[in-house]
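A look at the structure
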Amino acid sequence: VVDEIIDIFLPLGYTVVEGPEVETDKFNFEYLNIPENHPARAMQDTFYITPTLLLRTQTSGLQARAMQANLEKTPVKIICPGKVYRRDDDDATHSHQFMQIETLVVGKNVTMAELKGNLDLVAKKMFGEKREIRLRNSYFPFTEPSVEVDVSCFECGGKGCKLCKGTGWIEILGGGIVNKKVLENCGVDSEKY
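Residues numbered from 1 in each chain as written. Predicted model: local features only at pLDDT ≥ 70, side-chain atom pairs only at ≥ 80, totals over all residues. Heavy atoms only, no water.

1. A few points about the overall build of the chain
Helix and strand content of the chain: six helices and nine strands. Here the chain has a C-alpha radius of gyration of 17 Å; the compact-globule value for 193 residues is 16 Å, and the two agree. Expressed as a percentage of its 193 residues, the buried residues of the chain come to 41%. In the chain, once contacts between residues fewer than 6 apart in sequence are set aside, the share between residues at least 24 apart is 60%. Carbon and sulfur atoms provide 53% of the accessible area of the chain, an area that totals close to 10,900 Å². Across the chain, 23 positive and 28 negative side-chain charges occur, with their mean positions spaced 4 Å apart. (Helix = DSSP H or I, 4+ residues; strand = E, 2+ residues; numbered from the N terminus. Rg over C-alpha atoms; globule rule 2.2 N^0.38 Å. Buried < 20%, exposed > 50% of the residue type's maximum accessible area, 1.4 Å probe, protein only. Contact = heavy atoms within 4.5 Å. Areas by Shrake-Rupley, 256 points an atom, 1.4 Å probe, with all protein chains shown as cover. Lys, Arg positive; Asp, Glu negative; His and termini not counted. Charge placed at Lys NZ, Arg CZ, Asp CG, Glu CD.)

2. Concerning the environment of P81
Here P81 shows up in strand β5 (residues 76-85). Residue P81 is classed as buried on the basis of its relative accessible area of 6%. On a C-alpha basis, the gap between P81 and E36 in space is 26 Å, while along the polypeptide they are 45 residues apart.

3. Some details on unusual backbone geometry
Residue E144 is joined to P145 through a cis peptide bond whose omega torsion reads 5°. Tracing the chain through its elements places P145 in strand β8 (residues 143-152). Of note in this structure, N109 is not a glycine but carries a positive phi near 60°. By the secondary structure assignment, N109 is in the loop between β6 (97-106) and α5 (112-127).

4. As for α5
The terminal C-alpha atoms of α5 lie 22 Å apart, and with 16 residues this matches the ideal 22 Å at 1.5 Å per residue to within 8%. Those residues of α5 not exposed but buried are L115, N118, L119, V122 and A123. Projected down its long axis, α5 shows its buried positions confined to an angular sector of 140°, all on one face. Turned more than 90 degrees away from the buried face of α5 sit A113 and K125, all of them exposed. Residues of α5 that are buried in the fold lie against α1 (2-9), β7 (133-140), β8 and β9 (169-178). Following α5 by one or two positions, G128 has its phi on the positive side, about 120°. (Expected span 1.5 Å × (residues − 1). Arc of directions from axis to C-beta.)

Right under this line is the structure:
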């Protein structure tokens, strides 16, 4: 599945970025607008190794690393696949370790319409050409605006069934436009990009 998703993004000009699973607090949280005592940290239920080292809870730290490593501050278009870790009780829909794939686009005039177009393409390639997506308002400290993305149920075609809990939709991911504070934390001019 990871390879299938990467294969969708490579022709769109994305570069694959990988990095450490043992991450610093700064890259996993602080650079991403999640300071100490921020409520979003409680949602992550982190495996700390030391007070400043942890098993990454998200691959977003790779985005911060890529932005900081981009010394020329040129546009960035990356996909970041990798294992992430969270304290969670394992059951049918939760695991303490799982794969996450994030993308990042930093450039001039990047819009929600471009994001939605990419997400629609992914949904159709992964779940079938008849699939539709919908964006729902949400909150993530590292994006503004933030959205949850649902795909029309591939089992019932959106009519409602046991798989989609009668709604016709299945939540597949969260996303949004990079928060200006995150850009600034990573040395990117938020007025330019």
